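# Summary of structural features
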Amino acid sequence: MYEKVGHCTECDKTVYCEDGFLDGVHHEGELFCWKCDQKRNLQKLENDEELRQ
Ligand SMILES: [Zn+2]
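Given the structure is predicted, the values throughout are model-derived calculations rather than measurements. (Residues numbered from 1 in each chain as written. Predicted model: local features only at pLDDT ≥ 70, side-chain atom pairs only at ≥ 80, totals over all residues.)

### Some thoughts on the confidence of the model for the protein chain
The pLDDT averaged across the protein chain works out to 92; a share of 98% of its residues lies at or above 70. Across the protein chain, the element-wise mean pLDDT spans from 91 in helix α1 (residues 34-52) up to 96 in strand β5 (residues 30-33). (pLDDT = per-residue confidence, 0-100. Helix = DSSP H or I, 4+ residues; strand = E, 2+ residues; numbered from the N terminus.)

### Focus on the sheet that holds strand β3 (residues 21-22)
The strands that make up a sheet are held in pairs by hydrogen bonds between backbone atoms, and each pair lies either parallel or antiparallel. If you walk across this open sheet you meet the 3 strands as β1-β2-β3, and the pairing is antiparallel. In the strand order of this sheet, the two ends are held by β1 (2-7) and β3, each with one partner. Two strands pair when backbone bridges link them, and β1 and strand β2 (residues 14-18) are joined in this way by 5 bridges, in the antiparallel orientation. Paired with His7 across the bridge in β2 is Thr14. (Pairing = 2+ DSSP bridges.)

### Here's the deal with the environment of Lys13
By the element assignment, Lys13 lies in the loop between β1 and β2. Looking at Lys13, the number of C-beta atoms within 10 Å reads 16, which means it is partly exposed. In this structure, the C-alpha to C-alpha distance between Lys13 and Tyr2, residues 11 residues apart in sequence, is 16 Å. Dropping the residues within four chain positions of it, Lys13 is found in contact with His7, Cys8 and Cys33. (Buried ≥ 20, exposed ≤ 12 C-beta atoms within 10 Å, placed from the backbone. Contact = placed C-beta atoms within 7 Å.)

### A few points about the pairing of β5
Where strand β4 (residues 24-27) meets β5, 4 bridges bridge the pair, whose relative direction is antiparallel. Bridging from a neighbouring strand, Gly24 pairs with Cys33 of β5. As consecutive antiparallel partners, β4 and β5 are separated by 2 residues, and within that stretch Glu28 has a phi angle of approximately 45°, a positive value.

As structure tokens, then:
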């Protein structure tokens, strides 16, 4: 089964759910595709680095 879940908050890409596997990430009530979630995590890491300096 392949169903549309919604759109990525960041890039507006359609996010699907395939056989119960979500092609993205739900975060604080918002939906992100994998790509944007990775980008978001990288930015978070960079921010953490800055805080440590
Ligand atoms: Zn996206």
